[in-house]
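Residue strings, one per chain:
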Amino acid sequence: MKKEVKIGIGLVFLAFYVFLIMQFGKVFVYYDDFGYLSLSYGNTVPDVIGSNYTLSQLLSFMGKHYFYSNGRLFYLFLFSFLNMIGGLAAVQAFMATSVLTILILVHYVVMRHIKPAGWRPVFLAAFICLLYGTIGILIQRLGTYWYAASFLYVVPTVTFLVLAVLYYETIGEEPETWKKAVCIVLAFFAAFSQEEWLVAVIGYICMVIAWKTLKKYRVRAYDFGTLAAAVAGALPILTSPAVKLRMDNNSEFSNLPFIQKVMTNLRNLMNLFFSSDNQNYLAVLLMALMGLGAYMIWKKMKLPVLNIVYLAFSAAITVYLFLKLNRHVLGAGGHSQAMIWVLFLYLIVTAVQVIRILYDRDQILMGMIFLAAILTLACLVVVPELPQRVLLPFIYLSYTLFGYLFCLILLERKSVVWGLAGLVFVAAVSIPNLKNIYRGYSINYEVLMYNDGVIRDAAARIRGGEEIKKLTLYQNPDRLCSCEMVYDENFKYMIYWMDEYYDLPSEVELEYEPITDLSAWQQTH
């Protein structure tokens, strides 16, 4: 690769990193972030003042967290540790860096086996960055832009992708000692995150071991060591006493027979994945899959009837979802039971077609990552809750497939026009979404920082002996770009975490007023 192309790739990622720094710089503390950053979520630690605590206090909190909240300890520890050493700014910078690292790793995985000529790798970098803008706001606000959730659902993507590349490279070779050790450590910490990731990590390692066995490569001790490390990382999550308590609290679901649990969640999962909350991502996904169907017909791949049927199936699903989600002409609410089965069948056929093309092109690493992504969804059929953020592991891992199809179908053609057309389409979906989300979080951040200053000032004055009974604060102007707030119905219990975070006496009443004229408010505040 020419030097100027490498520079071009670097500039693309640098430009997007600037945007990510700006975006995360407008994301404040939400919901149970207050609890984690004051060591008051689920249990308390003596002598913690506000959001200031020591390492020994943090370790004490995490030890109790295993028993009273959940076993997702490592990444939540990392979240609180970053706040301890650098405050919210450190958390914001870390999250921007994590998302950028995911995109760079996706670019590396795609470029590992496919080498687009000329400036096409730069187009690929831009395409991958734009994919980030296809994630809908309702998924982002409950995942990526809610720190406690993002450290569990987003950050482990980095650990997983590094593990995926390094461990795959051990196939057919006797790796150096450092690589064995790194794979074992990464397997432990990638699984020591949350349930979807532990299933993906253990599944991926088993796939690599199975592939080594199939290809008659020797399976060595470090392979089993890597698998054992992943299982060890999963154990605290699976054995936490709080897990059983949480399941018992949802007795209606936990008492269902296993088959009924699967059927219930399959319906819920299809409604979640194929929902208006996810329509930007679906638009790019379906265009890519129709392109895949057309490519398989054009290249005269085996099973031509299946390829033709798949292209027609993809087109039909695209039309249906456009009418259902965009035009709202097929009725409100979720999909009918018949359509649930049709959508599920479509995903099954899609998985078959994707595996076929990846296997045919000897993209084994890509295929294993894709199957790991499917596992993150498959394991959800037995969990009691399905918030929108559960889609994030699949979405981030699927970027490798998007990038590969972009290269295979568009960038490998002689004319660069096809690649540019793909970029324009994704940009048309992505950029307005990124712009709206940034604007919403920016407006809210201004109000939240004002409230933050008022509360901190009041807390300091109270510690100095002044009596304050009530504080007047303001609600977020953009509710779409905001996680749950203490003034929302059924979320008043958040006040405990907020009082702990600000070291504010519980007797002080927080009164939130709506902002009816933002411009006027900005001028006076």
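Note that the structure is predicted; figures quoted are calculated from it, not measured.

Draft legend 1. Main features of the overall build of the chain. Secondary structure summary: the chain contains 22 helices and 2 strands in total. Whereas a compact globule of 525 residues would reach a radius of gyration of roughly 24 Å, the chain reaches 24 Å, a difference of no more than 12%. Considering the chain as a whole, with its 525 residues, one finds that 55% of them fall into the buried category. For the chain, contacts bridging at least 24 residues in sequence account for 78% of all contacts bridging at least 6. Of the roughly 22,600 Å² of accessible surface on the chain, 64% is carried by carbon and sulfur atoms. The chain carries 40 positive and 35 negative side-chain charges, and their two centres are separated by 16 Å.

Draft legend 2. Examining the pattern of salt bridges more closely. Inspection of the entire model under this criterion finds 14 salt bridges. Residue R72 is joined to E195 by a salt bridge in which the shortest nitrogen-to-oxygen separation is 2.7 Å. In this pair, R72 sits in the loop between α3 (55-68) and α4 (73-111) while E195 sits in helix α10 (residues 195-214), placing the two residues 123 residues apart along the sequence. For R72, a relative accessible area of 14% puts it in the buried group. Where D360 meets R361, a salt bridge forms, and the shortest distance between an N and an O atom there is 2.0 Å. On the accessibility criterion, R361 (25% relative accessible area) is partly exposed.

Draft legend 3. Spotlight on the packing of α10 against helix α11 (residues 221-239). For the pair α10 and α11, interaxial distance at closest approach is 10 Å and the crossing angle is 165 degrees. Considering the angle they form, α10 stands roughly antiparallel to α11. As for how α10 packs across α11, the hand of that crossing is left-handed. Across the interface between the two elements, E195, L198, V201, I202, I205, C206, I209 and K212 of α10 pack against Y222, D223, T226, L227, A230, V231, A234, I237 and L238 of α11. Its residues placed into classes, the contact of α10 with α11 shows 13 nonpolar, 1 polar and 3 charged.

Cut-off values and rules
- Residues numbered from 1 in each chain as written.
- Predicted model: local features only at pLDDT ≥ 70, side-chain atom pairs only at ≥ 80, totals over all residues.
- Heavy atoms only, no water.
- Helix = DSSP H or I, 4+ residues; strand = E, 2+ residues; numbered from the N terminus.
- Rg over C-alpha atoms; globule rule 2.2 N^0.38 Å.
- Buried < 20%, exposed > 50% of the residue type's maximum accessible area, 1.4 Å probe, protein only.
- Contact = heavy atoms within 4.5 Å.
- Areas by Shrake-Rupley, 256 points an atom, 1.4 Å probe, with all protein chains shown as cover.
- Lys, Arg positive; Asp, Glu negative; His and termini not counted.
- Charge placed at Lys NZ, Arg CZ, Asp CG, Glu CD.
- Salt bridge = Lys/Arg side-chain N within 4 Å of Asp/Glu carboxyl O.
- Axes fitted to C-alpha atoms, helices over the stretch in contact; angles between N-to-C directions.
- Parallel < 35°, antiparallel > 145°, perpendicular 65-115°, else oblique.
- Left-handed = near helix turned anticlockwise from the far one by under 90°.
- Nonpolar A, V, L, I, M, F, W, Y, C, P; charged D, E, K, R; others polar.

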